[in-house]
Protein chains: 4
Amino acid sequence: MTIRVTVWGENVHEQKNKVVAGIYPDGMHNTIAAALNKAGGISASSVVLQDPEHGMSTERLAETDVLVWWGHAAHGAVDDKIVERVCDAVWGGMGMIFLHSAHFSKPFKRLMGAPCNLTWREAGERERLWVTSRHHPITRGLPDHFELENEEMYGEPFGVPEPLETVFVSWFQGGEVFRSGLTYRRGAGNIFYFRPGHETYPTYHDANVQKVIANAVNWAYNPLPRIADPNKAPNVPVGSTLEPVVERGPRLHHDGEEGLR
Amino acid sequence: MTIRVTVWGENVHEQKNKVVAGIYPDGMHNTIAAALNKAGGISASSVVLQDPEHGMSTERLAETDVLVWWGHAAHGAVDDKIVERVCDAVWGGMGMIFLHSAHFSKPFKRLMGAPCNLTWREAGERERLWVTSRHHPITRGLPDHFELENEEMYGEPFGVPEPLETVFVSWFQGGEVFRSGLTYRRGAGNIFYFRPGHETYPTYHDANVQKVIANAVNWAYNPLPRIADPNKAPNVPVGSTLEPVVERGPRLHHDGEEGLR
Amino acid sequence: MTIRVTVWGENVHEQKNKVVAGIYPDGMHNTIAAALNKAGGISASSVVLQDPEHGMSTERLAETDVLVWWGHAAHGAVDDKIVERVCDAVWGGMGMIFLHSAHFSKPFKRLMGAPCNLTWREAGERERLWVTSRHHPITRGLPDHFELENEEMYGEPFGVPEPLETVFVSWFQGGEVFRSGLTYRRGAGNIFYFRPGHETYPTYHDANVQKVIANAVNWAYNPLPRIADPNKAPNVPVGSTLEPVVERGPRLHHDGEEGLR
Amino acid sequence: MTIRVTVWGENVHEQKNKVVAGIYPDGMHNTIAAALNKAGGISASSVVLQDPEHGMSTERLAETDVLVWWGHAAHGAVDDKIVERVCDAVWGGMGMIFLHSAHFSKPFKRLMGAPCNLTWREAGERERLWVTSRHHPITRGLPDHFELENEEMYGEPFGVPEPLETVFVSWFQGGEVFRSGLTYRRGAGNIFYFRPGHETYPTYHDANVQKVIANAVNWAYNPLPRIADPNKAPNVPVGSTLEPVVERGPRLHHDGEEGLR
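It should be emphasised that the depicted structure is a prediction, and the values quoted were computed from it without experimental measurement.

Details of the overall build of chain A
Right, on to step 1. Counting secondary structure elements, chain A contains 7 helices and 9 strands.
Right, on to step 2. Each principal axis of the C-alpha atoms in chain A carries an extent, and together these give about 70 × 40 × 35 Å.
Right, on to step 3. Going through the 261 residues of chain A one by one, you find that 67% of them count as buried.
Right, on to step 4. Taking all contacts inside chain A whose residues are at least 6 apart in sequence as the whole, residues at least 24 apart take part in 71%.

Here it is, written out as C-alpha cells:
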C-alpha cells in the first residue's frame, strides 16, 4: 500500500524573493514532496496556486489520500469554492497537514472554526521543539526534542480550538512558547498542524522536520473508502424504523423528503 | 449581575404554519426569552431574521452576553457578513447556544468546521434525554433523565467535532440515539448545542428544557471583557523581545508591519 | 508484522455456571482469542486469573502488544502488584482493550482515575450500537449500526473521564443509552473500552463484535519500542542545560540526584 | 456565597530546611490560605500531613468545597485510605487544585491514571508562563504572560493524560517548556494542575500566582450538592423499566441485588 500525497504550494515567494528562490530552487512544495518520496510507502507530488482550480480538481482530490498545505502571501487568492471542495474531501476522509503560515489559510480557518491567530517575529532565532505526547506515531524516530537554529517566532495564545492531542510545544530564544504540533479530526478526516517552515530559512531541508511530516502523513491517512457525500442528512421514513413507531402529532415534512438547510 | 441574553428566532414557520403558530403564538423566540426571564439573573429579549441586519447589529452583539439561536427553514437567508460578525463576537467571548435545527445554521457550521449532519424522522415519537456528565452545571436541578413525549428524531452519526464534554445523550423510541448536549469553546466563547425543539411540538414550554437552556446561559456566560479584535495577530518587534535576541538571517517583513493573511 | 495479543480471562463463571459453560465451552478468553486469530495479522493467545501471577508475568507483558481484559466476578482477586505491572506496561506503550464488566476491573479503574460506575439490568433485552465517529479505524467494515438481540443493559451516567473519542453509543430496549465505545491514551498506551459481552449471552460469537475487537487491536497497537521505565523523572544537571543557565538561589537537591516521590 | 477552601500542606521542609522556613515562616499552606482569604468570596484554612488523618477527616472533606494540595518530600507518608477518601470527595464534586511537586502526590497520580512524570532542574532560573486559553476563567485579571525570576524547571514530556484544556504553557531559561496549567474533570469534580511553587523560592508570595490559585478555586467550585456515594452502580429491576421489557434468556443476578465488583 502506498499513500498518495499531494503537496499544495503557494509558490509566490519562490518566484519573487531571491532568498527564498535560493533556498528552494524547485519550490518549497517540491522540496517537501521529494522528502516524502524518500520516506518509503509514500508517493508524493505537488500542485500550486497558479494551476487551474489551484490544482485542486475533483479528480485530484479523489486521488489524494493526504493533502499537505503551505501558503503565506496569497491566502486571499484561493477561491472559496475550492476551499469548500477541499473541506468536503477532508470531511469525507482525506487527511490534511497544515504547515507554518497555513494557520491563516482559508481551509485551516474553515476547518477550525476559530481565529487561528498568534503573535510573530521574524528574527532568525532558535526554536526548540519538545515532544509532549510520548511515543505518539507522529514522533516516531525522533528524539525528545530537536532544534531549528533559525526560525520565525510564533507565540501564544494560538487561537485554535483545544486539540485532540498536543504533540509538540516549541521554545523560542526570544522568550515565547507555542503549541507547534496539534491533532484534530473533522468528519472522517485527520488533521495535523505543524508550526515550522518560514520561507527564508532552510527548514524543509531539515531531517527531523521531514520525519515529522512523513510521520504525520502516515498518521493522517484514513484507509477507509472516501465518504461520497459527507454532508448528507438522510430522512428515515416512519415506515422503516428499527423499532415500531406509530406516527403522532403534526408534521412539516413528507416521508423521504429532503430536510431544510 | 444580570446576564444579557438575545434569543434569535427565524420566525418563519410561526408565520406560515398554523400548527406552529398555535403552539407558539408569540413566536418560539419570545417563548424562550420569557422562560429565561423567569429563571432569575437573566435579562432576555429577542430579535428575528426579518429585522434589519437580522437583529444582529454590532451594537446589539456588544450588549449580548449569550446568544441563543433557533433556525430551520431559512438558514440560507442569513447574510454571510452577519455570520462572520456573530462568529467574531463568539471568538471575543460571547456565549452561544444552538437549539435543535440550528445544527445546520450558518454560524454553527462555521464555528464547528464540520458537516454537522445527522439522520432525522418527524413522527412525534418519544425522546428521553440522559445526563452523561454528572453534576455538570448545565444539569443543575435536573433528574438523571427526562422525557419529551413528542419530538422529531435526530440520529447518529452526528457530524460534529469531538466535544469538550458530552452532557446529554438521547434515546429515541424508533431505535436511534443522539449526543444531544455538547459543549465547545471557540476563541474566548463558550458554545452549547442542545438538540430538542422541533417547531410542531410544545418543547420550549417544557420545564426541564427551559431549565437546561437557563443553565446553559449561566454556563456559557464569560464575565471577562469582550476581546476587541479576536483575529489580531500582532508582530513582536525584534527590539522589544522578552529575552535578548540578535537578529539573524534574511527577512520578508519590516518591524511592526502587518502580517500576511 | 503480526500484532501479539494476550486475552486475559477471569475464567470463573465458565467453571461455575452451566449456562456460561454451555455458550463458551472453551472459556470466553479462548473464544475471543480464536476470533482474533482469524482476523489476519494478529497472533492471539489467552491467560487466566488462576495462572501464576494471573498470567501477567513481566515476560508475558513484554511480549504482548495489546492486552484484552474480561473480568466480572473476581475483580478483587487480582493482586494489586499485578495491576501496577499491567499499568506500567500500558504507560510504556502496550495497547489495552477492556470488555464489558471490566469497567469495574482494577486496571481500568486505576487507568481512568474515576469511579467507572453505571446502572445495569440483566433482562436479555435488545442492544443497538450506533457508530458516532464515522470512518474511525475501530468501525472499519461495520454498518452505521448493529444489534445484539440479548444483552445486559448498562446505563448512563457512566462514571469515566471524557474520552478522546466517542466511537459507539448504545440504545437499549428498556429505555437507556450508554457510551459503549470510548478511546483513551495513558502514557504511550492506547486504551479502548467496549461495552458488550455479558457472559450468559453469545456476544463474543457475534461477527460484528469480533470485528470491533479486531479493529480495536489494530488501532491500539503502538509499534514504537516499549518505554523501559515509563515513570522515570530524570534530573537535568545545571552543567548540561541546552541554553546557558547560571545557577542562582538556594537548593534542596544535588546535581543528578533522584527526585523526591 | 463563600467558597470553603482547605489548603493541605506537607509541612516537612518548612520544619527541616532553614531557607524554606525563612521564606514561609508560617508554612507554605498558611501563606496560600492567607492569600486566598484576601481574594474575596473565599474562606480558606489549612491542615497538614502531621494532623490526625492528615487533616482529611470525613467531616473536614464534607465541609471543603475546594481542596488545594502541596506535597514534595513525603508523598509516601500519605495513607492510602486517606487517598481513596480524598478521591471519593473529588468524584462527588469537590474541586481540587494540585500545586507544583504535587504532580507526584498519591491523589494526583490516582486521579490521572498515568505516570505524571517529567524532567526537572533546580537552578533558580527564570520561568515565564504564557496564557494559551484566552479569557479562560482561570486567567481572569492576568496579562498574557508573567514571569517568576527564580523557579525550579519542570520539562516535557509531562506524563499526564490529554487535559480538557491547556491554560498555561511555561518557557524556561535553560531551554525547556512545560504545560503548566491543565484542567481535568473526574466524576463531578473539577481538577486543576498548576506548576509553579518550589519551596526554596518565594513563589506563593507572587501576586500573579496568588491570582491564578484564587481564580482556579472559583473555577473548580461545584455548587451542586456533593454526591453521597459516587461509586454506586444501581441495579434497575426488570419490573420498573422505563420502556416495556419482557425478560428473556438466562440470568446471573436477582432483581435489585448488588452487582459484582
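The rest of the description comes next.
Structural notes on the sheet that holds strand S2 (residues 42-48) of chain A
Residue and element names in this part refer to chain A.
Right, on to step 1. Strand order in this open sheet of 9 strands is S2-S1-S3-S4-S9-S8-S7-S5-S6, and the pairing throughout is mixed. Either end of the sheet is taken by a strand with one partner, and the two such strands are S2 and strand S6 (145-155). This sheet shows a mean twist of 25° between the axes of neighbouring strands, independent of strand direction.
Right, on to step 2. When strand S3 (residues 66-70) meets strand S4 (residues 95-99), the two strands line up parallel, connected through 4 bridges. In the sheet register, Val68 faces S4, and the bridge partner there is Ile97.
Right, on to step 3. Together, strand S1 (3-9), S2, S3 and S4 form the strand contacts of helix H3 (residues 28-39), whose direction differs from that of S2 by roughly 170°.
Right, on to step 4. On the sheet, helix H7 (residues 207-220) packs against S1, S2, S3, S4, S6, strand S7 (165-172), strand S8 (177-186) and strand S9 (189-194) and is oriented at approximately 165° with respect to S9.

Let's talk about the relation of the copies chain A and chain B
Right, on to step 1. Superposition of chain A onto chain B requires a rotation of 180° combined with a translation of 0.0 Å along the rotation axis, giving an RMSD of 0.0 Å. Read as a symmetry element, the transformation amounts to a two-fold axis. Taking the C-alpha atom as reference, chain A places A:Gly113 closest to the rotation axis, 2.5 Å from it.
Right, on to step 2. Here 99% of the contact residues of chain A are again contact residues in chain B; the copies associate through an equivalent surface.

Here we look at the state of the cysteines
Note: disulfide means a covalent bond formed between the sulfur atoms of two cysteine side chains.
Right, on to step 1. Under the defined criterion, the tally for this structure stands at 0 disulfides over all chains.
Right, on to step 2. Between B:Cys116, a cysteine without a disulfide, and B:Cys87, which holds the nearest cysteine sulfur, the sulfur-to-sulfur distance is 11 Å.

Criteria and cut-off values
- Residues numbered from 1 in each chain as written.
- Chains lettered and ligands numbered in written order.
- Predicted model: local features only at pLDDT ≥ 70, side-chain atom pairs only at ≥ 80, totals over all residues.
- Heavy atoms only, no water.
- Helix = DSSP H or I, 4+ residues; strand = E, 2+ residues; numbered from the N terminus.
- Buried < 20%, exposed > 50% of the residue type's maximum accessible area, 1.4 Å probe, protein only.
- Contact = heavy atoms within 4.5 Å.
- Pairing = 2+ DSSP bridges.
- Axes fitted to C-alpha atoms, helices over the stretch in contact; angles between N-to-C directions.
- Least-squares fit on C-alpha atoms with pLDDT ≥ 70 in both.
- Disulfide = S-S within 2.5 Å.

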